[in-house]
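Examination of the molecular architecture
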Amino acid sequence: MLEIKDLHVCVEEDPSEKILKGVNLTINKGEIHAIMGPNGSGKSTLSKVVAGHEAYEVTQGDILFEGESILDLDPDERAHKGIFLAFQYPVEVPGVTNKNLLRQAYNTIAKEQGREELDPIEFEDYAAEKLELVDMKKEFMDRSVNAGFSGGEKKRNEIFQMAVLNPRLSFLDETDSGLDIDALKIVANGINQIADEDRAVVMVTHYQRILDYIEPDYVHVMIDGRIAKSGDKDLAVKLEDQGYDWLSDTASVSVNGEQN
Amino acid sequence: MTTLKQTKQTFLQDLLDFQGSLNGKSQFLDKVRLKAADEVRNTPFPHKKDEDWRFISLRELYSEDYELAATVDVSLPDISDHYLPESKGARMVFVNGTFSREHSSTEALPEEVEIGNLADLTADDHPLIEEHLGKYGNFEGDVFSSFNAAFLDDGVFIHVPENLKVEVPVHLLFVQTDADVNYFSTSRSLVLADAGSEVTIVEDYIGLGDNKYFNLPVFEVNLEEEAYVKHTKIQRESKKAIHIARTGASVARHANYESYTITRGAKLSRNEPRISQRDEEVEFTVDGLVLIDGEQVSDTHSVMDHRFSHADSHQLHKCVINGKAHSVFNGKIFVRKDAQKIDSFQENRNLLLSRKGLVNTKPQLEIFADDVVCTHGATVGQLEEDEVFYLKSRGLNDQQARELLIYAFALETIENITVDSVQKLLVDEVHRYTERQLDSQLTT
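Being a predicted model, the structure only gives us computed values, none of them experimental.

This part takes up the overall build of chain B. For chain B, the count of helices and strands is nine helices and 20 strands. On C-alpha atoms alone, chain B measures out to a radius of gyration of 21 Å, which is about the 22 Å that the 2.2 N^0.38 rule sets for 444 residues. Here chain B holds 444 residues, and 48% of them are scored as buried. In chain B, 83% of the contacts between residues at least 6 apart in sequence involve partners at least 24 apart.

Our next topic: the interface of chain A and chain B. Each partner contributes to the interface: chain A provides 22 residues, whereas chain B provides 17 residues. Contributing elements (two or more residues each) for the side of chain A that touches chain B: α2 (75-81), β7 (93-97), α3 (98-112) and α5 (151-165) of chain A. A per-element tally of the side of chain A that touches chain B places α3(A) first, with five residues.

For the rest of this paragraph, the subject is unusual backbone geometry. The residue A:Asp6 is not glycine, and still its phi comes out positive at about 45 degrees. Structurally, the position occupied by A:Asp6 is in strand β1 (residues 2-11). At B:His254, a position not held by glycine, the phi torsion is positive, near 60 degrees. Mapped onto the fold, B:His254 is located in the loop between β11 (242-251) and β12 (256-263). The exposure class assigned to B:His254 is partly exposed, which follows from the 19 C-beta atoms found within 10 Å.

As a further point, take the environment of B:Phe147. All names here are of chain B. The topology assignment puts Phe147 in helix α6 (residues 143-150). Note on Phe147: 23 C-beta atoms within 10 Å, which makes it buried. Each C-alpha atom of the pair Phe147 and Asp38 lies 9.7 Å from the other, and the pair is 109 residues apart in sequence. Non-local contacts of Phe147, meaning those with residues more than four positions away in its chain, are made with Val40 and Leu216.

The next point concerns the sheet that holds strand β2 (residues 91-95) of chain B. Residues and elements named next belong to chain B. Strand order in the open sheet formed by 10 strands is β3-β2-β6-β8-β10-β12-β14-β16-β18-β20, and the pairing between neighbours is mixed. A strand with exactly one partner marks an edge of an open sheet, and here the two such strands are β3 (98-105) and β20 (372-381). On average, adjacent strands in this sheet sit at an angle of 10 degrees to one another, irrespective of strand direction. Here eight bridges tie β12 to strand β14 (residues 282-292), and the two strands are oriented parallel to one another. When the bridges of β14 are listed, Thr261 appears paired with Gly288.

All names here are of chain B. Assignment of secondary structure puts Val93 in strand β2. Along the sequence, Val93 and Ile79 sit 14 residues apart, while their C-alpha atoms lie 9.9 Å from each other. Those residues within four positions of Val93 in sequence are excluded, and the remaining contacts are Ser100, His103, Ser104, Leu173 and Val175.

Let us now look at the UniProt feature "domain: SUF system FeS cluster assembly SufBD core" (unreviewed entry) in chain B. As recorded in UniProt, the sites labelled "domain: SUF system FeS cluster assembly SufBD core" (unreviewed entry) are residues 183-409 of chain B. Overall, residues 183-409 of chain B shows 9% helix and 63% strand. The separation of its end C-alpha atoms is 36 Å.

As a rule of thumb, nonpolar side chains are buried together in soluble globular proteins. Ranked by internal contacts, the top residues of the largest apolar core, which has 183 residues, are A:Val202, A:Val221, B:Leu223, B:Val229, B:Val251 and B:Val320. Per element, the largest residue contribution to this core is eight residues, and it comes from helix α8 (residues 398-414) of chain B. In this view, B:Leu223 contacts B:Ala193, B:Val229, B:Ser250, B:Val251, B:Ala252, B:Ala255 and B:Tyr257; residues no more than four positions away in its chain are not counted.

Residues and elements named next belong to chain A. Between the first and last C-alpha of α3 there are 21 Å, a value that for 15 residues agrees with the 21 Å anticipated at 1.5 Å per step. For α3, every residue scored as buried is listed here: Asn98, Leu101, Leu102, Arg103, Ala105, Tyr106, Thr108 and Ile109. Of the surrounding elements, those touching the buried residues of α3 are α2, β7, α4 (120-133), β8 (144-145) and α5. Of the residues trailing α3, Gly114 is marked for its positive phi of about 75 degrees.

All names here are of chain A. With mixed pairing, six strands are arranged side by side in an open sheet as β6-β9-β10-β3-β11-β12. The open sheet has two edge strands, β6 (83-86) and β12 (226-231), and neither has a second partner. Going from strand to strand, the sheet's axes swing by 20 degrees on average, the running direction of each strand aside. Across four bridges, strand β3 (residues 32-36) lies against strand β10 (residues 200-204) in parallel orientation. Among the inter-strand pairings, Ala34 is bridged to a residue of β10, identified as Met203. Along the sheet, helix α1 (residues 43-51) contacts β3, β6, β9 (169-173), β10 and β11 (218-223); its crossing angle with β9, the most-contacted strand, is approximately 145 degrees.

Criteria and cut-off values
Residue positions are given per chain, counting from 1 as you read along its sequence in written order. Chain letters start at A and ligand numbers start at 1, both assigned in the order the entries are written. For a predicted model such as this one, the threshold for reporting local features is a pLDDT of at least 70, and the threshold for listing and counting side-chain atom pairs is 80 or more; totals across whole chains, interfaces and linings nevertheless cover every residue. Numbering of helices and strands runs from the N terminus; a helix is a DSSP stretch of H or I covering at least four residues, while a strand is a stretch of E covering at least two. Two things to know: the radius of gyration comes from C-alpha atoms, and the globule rule equals 2.2 Å times the number of residues to the power 0.38. Partly exposed residues are those whose C-beta has more than 12 but fewer than 20 other C-beta atoms within 10 Å; with 20 or more the residue is buried, with 12 or fewer it is exposed, and the C-beta atoms are placed from the backbone. For the purpose of contact definition, each residue receives a C-beta atom placed from its backbone, and two residues are in contact when these atoms lie within 7 Å. Here a strand pair is declared whenever DSSP counts at least two bridges between the two strands. Axis angles are defined between N-to-C directions and span 0 to 180 degrees, where every axis is a line fitted to C-alpha atoms and, for a helix, only to the segment in contact. UniProt positions are given in the numbering used here, feature names are shortened, and annotations may be inferred rather than shown by experiment. For this entry, the nonpolar core is defined as buried Ala, Val, Leu, Ile, Met, Phe, Trp, Tyr and Cys residues connected by C-beta atoms within 7 Å. Helices are assigned an expected span. That span is 1.5 Å times one less than the residue count.

Here's what the structure looks like:
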């Protein structure tokens, strides 16, 4: 589904600031991946670059989605193809209700994909089902997008949006951070229900604890702009126990990271 | 300075001719005009050296001749598209400042409401008008309000008697026609809301062409005890027009004056709302939304005068600026000595969409009482690229994303307007504005 090949990325405004230094990663449908790593290792940047954030420039390598390069596509065109990013810091849009934004987003994507658009009443019914996935009340739909939401509500709203937009590939950027244990369970439960054999989910996270609720097929460790180590969920447990230091040497000798 | 002098002479000449032609129709108006003409002769025209005018240039006004609108040939297209459906039978229309009986109708209003043309109503003695006219909107030492009074003729008079709640919003539609010559027009509106009454007024200025003219309206409103007036002003003058307006409101005990001013048109516009508290325990709102681009200049100089204890006042003034447009805000808040327990909110937020746009903002608080809460602030910002990215990552294209964010920015100032068609009209206006600004980004 997604192939990241030798991806080098710098900051658009400052080309000397190289963040990704040769990332290789393959994600197949039906898989759940976790990307872990210390602060500043490039995890968040990787998710933003896949979603098309214009503050970053790809200087080398490629990103293929369903076999085609998406580097020239705008963020909205990537969304139309079925790529979704749950933001670490969701943006507040006071004055625009969740309902209006999501219906516009849903219908834009549906139109691009040749599916039927939904009128406001149909959409409300459709969204009501998705609300249950993240245990949110109907009133949530009438509130302004993220405006005045608590940290936990914002994260749940991201997963709700994911459920509504029904993407093929989702990057979840630290969706688990800032959540108490109950909210974490709700969010994890929502993600588990959305994930199926046709979709892929990539969780970017600092902590192993969300992996207690969502079992990843692969765990990758990013260090200094490269994937330093890949493994299964036992790797996450080892990281939780031992930290990242034992991997630093591996990173310095690894040229292209590892590929699944 | 020479142009200033010349212009003043030209205008004065017009003015004297005009007065000569009107003498005798209404003794009261004759008197008002004569007195005002005298004030004009003795009041200097403002220019950049005056503190209150230092950010904008009136050269456009001073350097050109403007003929009196009444002497200009009028060809009026169909204007029914501009009628508000809610105000069917509650509409007064003025064409270049002249009352149009043909386009006006007021049969949907309760009989007890007195509504009509000032010039007609003052042909005979009219004690109410004589008592109130000029009391709220003639600003001392202000040549423009005197100028308006010196040309006083047609205009709006609305009197809502005690305890009457008028359901139908009253639409005051001022259209300015296209013309080959620059012209000058005025209008005067006087609204009296008696104790316990309620009324909604939509004051609507539309330029039908792309021509140059100078429009100088004055709007006066008096609220007696427990009166509630909702006042929306929409300014969509021609993009070459000059619009200099004064609004004066006086608010009595337990009364509530809510005003929303939307500025979209005119090359140069200046709004001066002044709200004055006449007794304790009042509420007033003076919100504004300015959407300008190209070389438009929009200036709002407001005064909120808290003269007695216990007032709740609110001013949210938002501006969206694109191209080389220039927005000026000066919001004066006075809290007089002994006016305790005042809760006053003022905020000016500016969304600057282009590099060449300009914003001058100056909240100005003068507080002489000690038990008051006054919050005020001013911000100038751009659309956050992270916000645009967020919406685009949800599948919205660049235009949809920016439009949604501008709409969200603007919405707060218009969402309290209770006339649905006005809401819709303003949403469309925001939409068109956003489209324009995106087009111009693509071509520059």
